[in-house]
Amino acid sequence: MSHIITILPGDGIGPEIINEAEKVLACLQSEHGLAVTLEHAPVGGAGYEDSGKPLPDATLALAQAADAVLLGSVGGPQWEHLDRALRPEQGLLGLRAGMQLFANLRPAILYPQLADASTLKPDVVSGLDLMIVRELTGGIYFGQPRGIRTRDDGQLEGYNTLVYSEGEIDRIGRSAFDIARNRGRRLCSVDKANVLECTELWRQVMTQLGTEYPDVELTHMYVDNAAMQLVRAPRQFDVMVTTNLFGDILSDAAAMLTGSIGMLPSASLDSSGKGMYEPIHGSAPDIAGQGVANPLATILSVAMMLRYSLDEPALADRIEQAVGTVLDRGLRTPDIAAAGTDPVGTREMGDAVVAALRNN
Ligand code: IPM
Ligand code: MG
């Protein structure tokens with residue numbers, strides 16, 4: 001049976017890096033028996049240009065019907081002046097909500113070949129391998145009421161709502177505990193329970209869940225401390241689970257620990273394991289179209305897709321090994337190249353991964 005994958009190249013460097021990921025998929029099809037059918041659709045700024053909406057109805061319908069979605073990136077300065085509802089980011093938020101992708105997995109792995117790329121000292125980050133599990137369809141990102149209104153005294157005020165139901169906390173908690181169970185069996189739940197009632201409930205539900213997972217060591221940390229600990233001693237963490245907004249912030253910090261945001265994939269999953277896969281970096285409009293973007297995060301997102309949604313873990317391993325091979329060979333796009341070395345372009349990097357896939 002052929003898996004249906006919806007490909008959403010998006011904006012900026014999205015189309016270039018997706019192109020390389022598609023070469024990898026084509027190689028797995030022709031040489032390793034993967035059966036996939038690819039469909040393409042516009043999203044983000046490209047969606048707006050196509051049909052006046054960052055998430056065209058036809059794009060959402062394709063994404064909902066697919067077994068998995070592979071997304072490049074969305075956004076660019078040319079769409080920043082639009083009304084909020086028409087901006088490219090809404091395409092992403094609409095996909096998350098419309099596909100009920102509540103579990104966002106953001107690994108931060110330091111590749112030994114790239115140990116020098118981090119701004120932190122090698123002895124602090126070497127061997128780093130942590131997973132942030134971010135709640136993705138609730139919390140302050142989606143809470144109602146929200147808006148900007150005029151108060152009685154004539155001043156404008158902006159307001160948003162941080163809200164989580166027990167059920168929402170429970171399901172993201174289970175995802176995180178299950179992941180921890182298959183890794184280092186340590187889970188750190190990050191909240192602000194000392195100030196925010198919503199996350200006091202978060203802590204209660206996580207603690208309760210912990211009794212069902214006696215084999216996983218559960219700890220709790222306030223988000224401010226977690227931010228500090230991430231840059232002080234990041235290897236203390238195995239899996240972290242947190243709210244939508246805290247996860248947004250902490251995952252950027254965690255990504256930068258590795259020094260190579262161009263290397264990191266992500267998965268956003270629903271309750272049945274269907275998911276959307278994307279590099280965690282953005283659309284990088286400053287380098288779009290130049291053929292210098294690093295395609296490895298997108299290629300590694302394909303590996304996550306094979307593992308989490310398509311039940312092809314052996315092929316996922318192959319991709320990850322191929323990426324290791326090209327790094328061992330010394331190939332570097334500009335974002336991960338050491339000063340004074342000769343970087344390769346987007347296509348060369350993609351071709352090298354495909355060659356490694358053929359030979360491994
Ligand atoms: C992310 C991004 C998005 C978010 C933006 C683009 C809406 O920062 O995926 O982390 O805030 O979730
Ligand atoms: Mg973010």
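Residues numbered from 1 in each chain as written. Chains lettered and ligands numbered in written order. Predicted model: local features only at pLDDT ≥ 70, side-chain atom pairs only at ≥ 80, totals over all residues. Heavy atoms only, no water.

1. Considerations on the pattern of salt bridges
Where we set the bar: Should a side-chain nitrogen of Lys or Arg be within 4 Å of a carboxyl oxygen of Asp or Glu, the pair is scored as a salt bridge. Runs of H or I in DSSP of at least four residues are treated as helices and runs of E of at least two as strands, each being numbered from the N terminus. Buried residues are those whose accessible area, probed at 1.4 Å on protein chains only, stays under 20% of the maximum for their type, while exposed residues exceed 50% and partly exposed ones sit between those limits.
A full pass over the atoms with the stated rule returns 18 salt bridges. Notably, a salt bridge pairs Arg-358 with Glu-31, separated by 2.8 Å at the nearest N-O pair. Of this pair, Arg-358 sits in helix α12 (residues 346-359) while Glu-31 sits in helix α1 (residues 14-32); the two residues are 327 residues apart in sequence, bridging distant segments of the chain. For Arg-174, the salt bridge is made with Glu-212, and the minimal N-O distance between the two is 2.9 Å. Here Arg-174, found in helix α6 (residues 166-181), pairs with Glu-212, found in the loop between α7 (197-210) and β9 (217-222); they are 38 residues apart in sequence, far enough to count as distant. On the accessibility criterion, Arg-174 (29% relative accessible area) is partly exposed. By relative accessible area, which is 44% here, Glu-212 ends up partly exposed. A cluster of three or more residues bridged by salt bridges with shared partners is formed by Arg-149, Arg-151, Asp-153 and Glu-157.

2. Some points on the site of ligand 1
This is how it is decided: One heavy atom within 4 Å of a molecule or strand is enough for the residue carrying it to be called near that molecule or strand. Throughout this description, a polar contact denotes any pair of N or O atoms lying within 3.5 Å of each other; where both atoms belong to protein, one of them has to be capable of donating a hydrogen while the other can accept it, and for residues adjacent in sequence the pair is counted only when both atoms sit in side chains. Throughout, the Shrake-Rupley method with a 1.4 Å probe supplies accessible areas, and for residues the shown protein chains are the sole cover considered.
Taken together, Glu-89, Arg-96, Arg-106, Arg-134, Tyr-141 and Asp-248 make up all the residues around ligand 1. Within the contact set of ligand 1, an oxygen atom lies 2.8 Å away from a side-chain nitrogen or oxygen of Arg-106. Take Arg-134: an N or O atom from its side chain is 2.8 Å from an oxygen atom of ligand 1. Alone, ligand 1 offers 320 Å² of accessible surface; in the complex the protein occludes 72% of this.

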